[in-house]
Every structure is written in C-alpha cells, then in structure tokens.
Amino acid sequence: PSWFVRVDGDTISLITSERLVVDVDRFDELLDRAAAFDPDDPREALDAYLEACELYRGDLLDGLDTGDSEAARDAVYFAALRVRGRFIGAATRAADLLLAMGAAARAAQLAVRAARAEPLNESALRVLASSLLAQRRLGAASDVLHRLLGHLEDLEIAPEADTLVLAWRLGLRE
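Residues numbered from 1 in each chain as written. Predicted model: local features only at pLDDT ≥ 70, side-chain atom pairs only at ≥ 80, totals over all residues. Heavy atoms only, no water.

A.B. asks: Sorry if this is basic, but what is going on with the packing of helix H1 (residues 23-37) against helix H2 (residues 42-55) here?
C.D. replies: Each pair of packed helices can be summarised by the angle the axes make with each other and by the distance between the axes. Relative to each other, H1 and H2 sit at 160 degrees, their axes nearing to 8 Å. Overall, the two elements H1 and H2 adopt an arrangement that is roughly antiparallel. Considering how the two elements wind past one another, H1 and H2 form a crossing that is left-handed. Of the residues in H2, those in contact with Asp23, Arg26, Phe27, Leu30, Leu31, Arg33, Ala34, Ala35 and Phe37 of H1 are Pro42, Glu44, Ala45, Ala48, Tyr49, Glu51, Ala52 and Leu55. Looking at the contact of H1 with H2 residue by residue, the classes come out as 12 nonpolar, no polar and 5 charged. (Axes fitted to C-alpha atoms, helices over the stretch in contact; angles between N-to-C directions. Helix = DSSP H or I, 4+ residues; strand = E, 2+ residues; numbered from the N terminus. Parallel < 35°, antiparallel > 145°, perpendicular 65-115°, else oblique. Left-handed = near helix turned anticlockwise from the far one by under 90°. Contact = heavy atoms within 4.5 Å. Nonpolar A, V, L, I, M, F, W, Y, C, P; charged D, E, K, R; others polar.)

Shown next as structure tokens:
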C-alpha cells in the first residue's frame, strides 16, 4: 500500500508529511511566514518572498485534463487564480523591498515575472517602472507606465495614488 495516496471510492487523496512535501503547500507556508515578518523584519520577509517566488513556475495544474467535470474545471481554475494572485503579491512586495535596498535590476526581474503572470497588474507594472527608473532607464520606465495608464484609461479605472505619483515624476501627468 502507498504511504502517500489514499483511495476512497472515486476520490484520490494525497497525504503529505515531512516525507512528502508539496510545492504549493511550501509556497503558502513561505508566504505566510513572509507576512508575519513584514514589515517588522523586512530582510526575513524578503528571504521568504524570494524563496516562494522561486517555487512558482506558472499556473497551478496548468494543462490538467479535468474531463467533462465542470466542478473540477472550476476548482482547478480558482486554485490557480489564488496561487497566481499570491505569487504576484509576493513578487511585487519582494521587488519593492529589493528596490529599497538598491537592487533595482533584481527588482525589475521579479516585476517582469509578476507582469507576465498578469499583464495588466498595476502594482507589478508600477514597481517595474520604478525599478527601471532607479536604473536610469527613463525611456523604458516612461513606456511601461504610459502603457499602463493607457490600459487603465481604456478600462475607465482610476490609477492608484502611487501610480499617479510615479507618473508625475516621469512627467506623464501634471
């Protein structure tokens, strides 16, 4: 018999333990740890955010064949959405912390990963533009923010205050 897989009728369960660690469980543990440290110990929080971001490889269960089960499709979709959201939050917060430490290039790399996961995420694009600005890549920073502002305007969504401040710094808003 398997120590990690249990079958009960048409349900199959994975039993985790110290001998079997599931990456998404570890991802959640690291983000919970980061949240507990942040903002009191930003260095410890950053380490946990970065470790969690390393575990994220794309949408959870991407490509899983759920057959004809709408319930299974919904469960996979919403689980993937939850994990992606947590990744984007972690990556943008880690990028903010890295930027504050003067590691603008590394911050930009994380911001790009977050923006690829969700291309219209305002926080991810804002920290990307900030990272580019810190690297004195004024044209690239302006381009990223200009595109973001255009998308928000098209959707009739007001930019967040931090986005407006950055737009003003880059001369994109008065």
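A.B. asks: What's the story with unusual backbone geometry in this structure? I'm lost.
C.D. replies: In terms of backbone geometry, most residues other than glycine have negative phi values and most peptide bonds are trans. With an omega dihedral of 10 degrees, the bond running from aspartate 38 to proline 39 counts as a cis peptide bond. By secondary structure assignment, the location of proline 39 is in the loop between H1 and H2. Positive phi, normally seen in glycine, also occurs at leucine 61, with a value near 60 degrees. Along the chain, leucine 61 falls in the loop between H2 and helix H3 (70-100). Relative accessible area serves as the criterion here: at 44%, leucine 61 is assigned to the partly exposed category. With phi around 55 degrees, glutamate 156 is a residue other than glycine that occupies positive phi space. (Buried < 20%, exposed > 50% of the residue type's maximum accessible area, 1.4 Å probe, protein only.)

A.B. asks: Which parts of the structure should I look at to understand the packing of H2 against H3?
C.D. replies: Here H2 crosses H3 at 135 degrees, and the two axes come no closer than 9 Å. On the basis of their axis angle, the class for H2 and H3 is oblique. Crossing of H2 over H3 shows left-handed handedness. Touching Pro42, Leu46, Tyr49, Leu50 and Cys53 of H2 are Phe87, Ala90, Ala91, Arg93, Ala94, Leu97 and Leu98, all from H3. A class-by-class count of the residues in the contact of H2 with H3 yields 11 nonpolar, no polar and 1 charged.

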